[in-house]
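Geometric and topological summary
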Amino acid sequence: MCGIMAYLGGRDTVEVLLEGLRRLEYRGYDSAGVAVSVDGKIELIKSKGKISVLAGLLQNNKPEGRAGIAHTRWATHGPPSTANAHPHPDCEGHIAVVHNGIIENYLELREQLEKEGHTFRSETDTETLAHLFEKYYEGDLEAAVRRGLKQVKGSYAVVAMSDKEPGLLVAARQYSPLIVGLGEKPGENFAASDPSAIIPFTRKAYLVDNGEMVLLTADKVQVKTLAGKAVKKPVFHIEWDAEMAEKGGYKHFMIKEIFEQPHALRETIGDRIVGRRMGLNLEGLGLSDGYLRRLKKIAVIACGTASYAGMAGQYAIEKLCGVPVIVDVASELQHRESVFDKSTLGIAISQSGETADTLQAMRTAHRQGAKLLAITNVIGSSVAREADGLLYIHAGPEIGVASTKAYTSQILAMLLFAVHLGQVREAMTPRVARRLLRGIKALPELAEETLEEAGHIKSLAAKYKDIKRYLYLGRGAHYCSAMEGALKLKEIAYLDAEGYAAGEMKHGPLALVTEECAVLSAVVAGPHYEKSIGNLQEIRARAGRVIAVANKSDKEIAKYADDVIRIPETEEVLSPVLAGIPMQLYAYYVADIWDREIDQPRNLAKSVTVE
Ligand code: F6R
């Protein structure tokens, strides 16, 4: 949510900043701006709209300097406008600030600063920081930032510059992501809210922790605590390479990422399944067998798509291990303190690892004595750092705002954990464990096979193009597929789509079914098959159109559906990984027909770092 990029060095500063911003645009795209230090002055250029608008402005008026800060915004306080775009200057334009997060006490601070004579130009909470730093500035930006931040309650990743100290940037972090990029060659350094911004320039980084401050010049980076104590940081190597964050010939990142799923799933498996005997090695899990044997309950902490991956895990864990699992969205779970105790394991699932709601719920869980396992994509992210145990999904950068490859990889990670838990608790025989692991190992190939349906799914999207109301139904392992399918269509095609447990139809939603409504349902072999067919009959009896996602070997399904999308056979508990793919493709092709902004849907952002 919002992206920060900062640079010091001898390259074309504006070009570096814009390149970083373009890679961060998925985090927010309401407005953007840059501030560059030029001959002892700060030049500020910003605009409402996307980075391309800003780049257009800069083309004819490019400030030449060796230090700059930049920002792409997702509006929280104050609507999208040029005035509300970052960077924000102080009264006289001597200081400029970019910020992610929320300054919770900004109204109080603003009132005080206004009384003291400061003039505000925007409605943002961020501008308060610029004025606070101005208030305390006595020729030393580091000291001003330190004193200013002492007054602040809330979350921030902030980078400040002053025209009096042109070769210096001061950054700080509290609960919002911040990374420092160390120049591969001497004489340049970077800071950003996300590794994807700096990977074209460097892979060497410091992961800034909460309560830390960084002083950056082109030649030196010093990390300190907010209290001023020097901190020695290990250099972190970013593994993702620059091409992974490019579109590579695809029309959108989303479709590229959908097609990357076989690779992403292979990476999630990595060397965790070993040898022909199917040994399972979850190195780094950080939860002892003794603890896993003792735990009595699991609570999945996640938001949106990640929570639906959690539902797939819930079904698998309950079925395979006999451990009860609660799944609730993190914004609710953070207030359900009685869910957590010493015998409850919280599993936090988050692609970005920076989702504020998820982090808050993790803190609730920790306060109540629960342990936490993180399933995340971003190495060194806050979710990873605040958990007791870790399973990285290694899906590679996911740039499209709609989560795709992270979803299926998250399910796969949950399945690996379910098998591990089942083995440790002796809830499954070694034979069953081997069978499941063999099934998991085959998923990347089966995902490839599933993707062969893309052409057919595209033609269905065209066939049903005028349908404006969708119901997505599922039972058992595929309750999650229904929820995720509906979410994808809503967020990128902007169509009404509801996900339901199929058994709920007769309790209300059936009233929505007319010939103007289409129903998508994953109906795979397993204990819920017959009842799911019953639901399809109910729909067709009311003139609704049915698109079924069913197994290749299913000879019956065509009788109950208008159209069928085929997925390969696998164990029922593993099948949500495959059923997720047609749901993504259908939403993508419908959205493309309507020419939606698929990678950056309106009102949304990739990484939601505010509650
Ligand atoms: C939907 C989507 C969101 C995210 C949610 C959590 O396509 O991407 O629903 O799943 O915002 O994000 P992470 O996984 O980064 O915590």
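The paragraphs below set out a description of the structure included in this document.

Moving on: the side chain of Ser307. Its place among the elements puts Ser307 in helix α10 (residues 304-321). Residue Ser307 is classed as buried on the basis of its relative accessible area, which comes to 4%. Filtering out sequence-adjacent residues up to four positions away, Ser307 remains in contact with Ala302, Val327 and Val329.

So, on to the pattern of salt bridges. One pass over the structure, following the stated rule, counts 30 salt bridges. Measuring nitrogen to oxygen at the nearest pair gives 2.8 Å for the salt bridge that ties Lys233 to Glu212. A residue pair is termed long-range when its members are at least 10 positions apart, and Lys233 in the loop between β13 (221-225) and β14 (236-237) and Glu212 in strand β12 (residues 212-216) qualify at 21 residues. A single burial state applies to Lys233 and to Glu212, both of which are buried. One continuous salt-bridge network, built from bridges that share partners, spans Asp209, Glu212, Lys233 and Arg385.

A word on the layout of surface pockets. What the largest pocket holds in volume is close to 610 Å³. Gly304, Thr305, Ala605, Lys606 and Val608 are, among the 25 residues lining the largest pocket, the residues nearest its centre. Of all the secondary structure elements, the ones that give two or more residues to the lining of the largest pocket are α10, β19 (344-350), α12 (356-367) and α17 (479-493). Two domains each provide a minimum of three residues to the lining of the largest pocket, namely domain 2 (248-449) and domain 3 (452-611).

Let us look at the packing of aromatic side chains. Summed over all chains, the structure comprises six aromatic pairs. Between Tyr7 and Phe190, the aromatic rings sit 5.1 Å apart at their centres with planes inclined by 40 degrees, giving tilted as the arrangement. With Tyr7 in strand β1 (residues 3-8) and Phe190 in strand β10 (residues 189-192), the pair connects residues that are 183 residues apart, well separated along the chain. Using a relative accessible area of 0% as the deciding quantity, one classes Tyr7 as buried. You can call Phe190 buried: its relative accessible area is 0%. Taken together, the ring pairs connect Tyr7, Phe190 and Phe201 into an aromatic cluster. Looking at Lys371, its charged tip hangs above the ring of Tyr291, at a distance of 5.7 Å from the centre. Between Arg602 and the ring centre of Tyr494, over which it is positioned, the NZ or CZ distance is 3.9 Å.

Most of helix α4 (residues 126-136) sits inside the fold, with 10 of its 11 residues counted as buried. All of the buried residues along α4 are Thr126, Glu127, Thr128, Leu129, Ala130, His131, Leu132, Phe133, Glu134 and Tyr136. Residues of α4 that are buried make contact with β5 (88-89), β6 (95-103), α3 (106-115), α5 (141-150) and β7 (154-162).

Across the sheet, which stays open at both edges, the five strands sit in the order β18-β17-β19-β20-β21 with parallel pairing between neighbours. The open sheet has two edge strands, β18 (325-329) and β21 (389-392), and neither has a second partner. On average, adjacent strands in this sheet sit at an angle of 20 degrees to one another, irrespective of strand direction. In terms of strand pairing, β19 meets strand β20 (residues 371-376) through six bridges, oriented parallel. Counterpart to Ser350 in the pairing with β20 is Thr376. α10 rests against β17 (297-302), β18 and β19 of the sheet, and its axis sits at about 170 degrees to β18. Along the sheet, α12 makes contact with β17, β19 and β20, crossing β17 at roughly 155 degrees.

Bringing the side chain of Ser575 into the picture now. Relative to the helices and strands, Ser575 resides in the loop between β26 (563-567) and α19 (576-593). A residue is classified by how much of its surface remains accessible, and Ser575, at 2% relative accessible area, is buried. Discounting residues that sit within four places of it in the chain, Ser575 has contacts with His478, Val524 and Thr570.

This part takes up the packing of α10 against α17. Where α10 meets α17, the axes come as close as 8 Å, and the angle between the chain directions of the two elements is 165 degrees. Considered as vectors, α10 and α17 are oriented roughly antiparallel to each other. Handedness of the α10/α17 crossing: left-handed. Contact residues: Gly304, Thr305, Tyr308, Met311 and Ala312 in α10; Tyr479, Cys480, Met483, Glu484, Leu487 and Lys488 in α17.

Conventions we followed
The residue count restarts for each chain, going from 1 along the sequence in the order it is written. For a predicted model such as this one, the threshold for reporting local features is a pLDDT of at least 70, and the threshold for listing and counting side-chain atom pairs is 80 or more; totals across whole chains, interfaces and linings nevertheless cover every residue. Note that the side-chain values use all heavy atoms of the structure and ignore hydrogens as well as water. Numbering of helices and strands starts at the N terminus; helices are DSSP runs of H or I of at least 4 residues and strands are runs of E of at least 2. Accessibility here uses a 1.4 Å probe with only protein chains present; expressed as a share of the type maximum, an area under 20% marks a residue as buried, one over 50% as exposed, and anything in between as partly exposed. Any two residues whose heavy atoms approach within 4.5 Å at even a single point are treated as in contact. One side-chain nitrogen of Lys or Arg within 4 Å of one carboxyl oxygen of Asp or Glu is enough to make a salt bridge. Think of a 1 Å grid over the protein atoms and nothing else: a 1.4 Å probe that fits but is trapped marks a cavity, an open set flanked by protein within 12 Å on at least five of seven lines marks a pocket, and residues with an atom within 4 Å of a point count as lining. Grid points are joined across faces, edges and corners, and a volume is the space filled by probe spheres set on the points. Domain ranges listed in this record stem from an automatic or a database domain assignment. Aromatic rings from Phe, Tyr and Trp, with only the six-membered ring used for Trp, were paired whenever their centres fell within 6.5 Å, and each pair was classed as stacked if the ring planes differed by under 30 degrees, edge-to-face if by over 60, and tilted otherwise. In this scheme, Lys NZ or Arg CZ marks a charge over a ring once it lies within 6 Å of the ring centre and within 35 degrees of the ring normal. In short, DSSP must find at least two bridges between two strands for them to pair. Whenever a helix is involved, its axis is fitted only over the stretch in contact; in every case the axis is a line through C-alpha atoms, and angles between N-to-C directions fall within 0 to 180 degrees. Throughout, the term roughly parallel applies to angles under 35 degrees, roughly antiparallel to angles over 145, roughly perpendicular to angles from 65 to 115, and oblique to all others. What makes a crossing left-handed is the near helix being turned counterclockwise from the far one by less than a right angle; a clockwise turn instead makes it right-handed.

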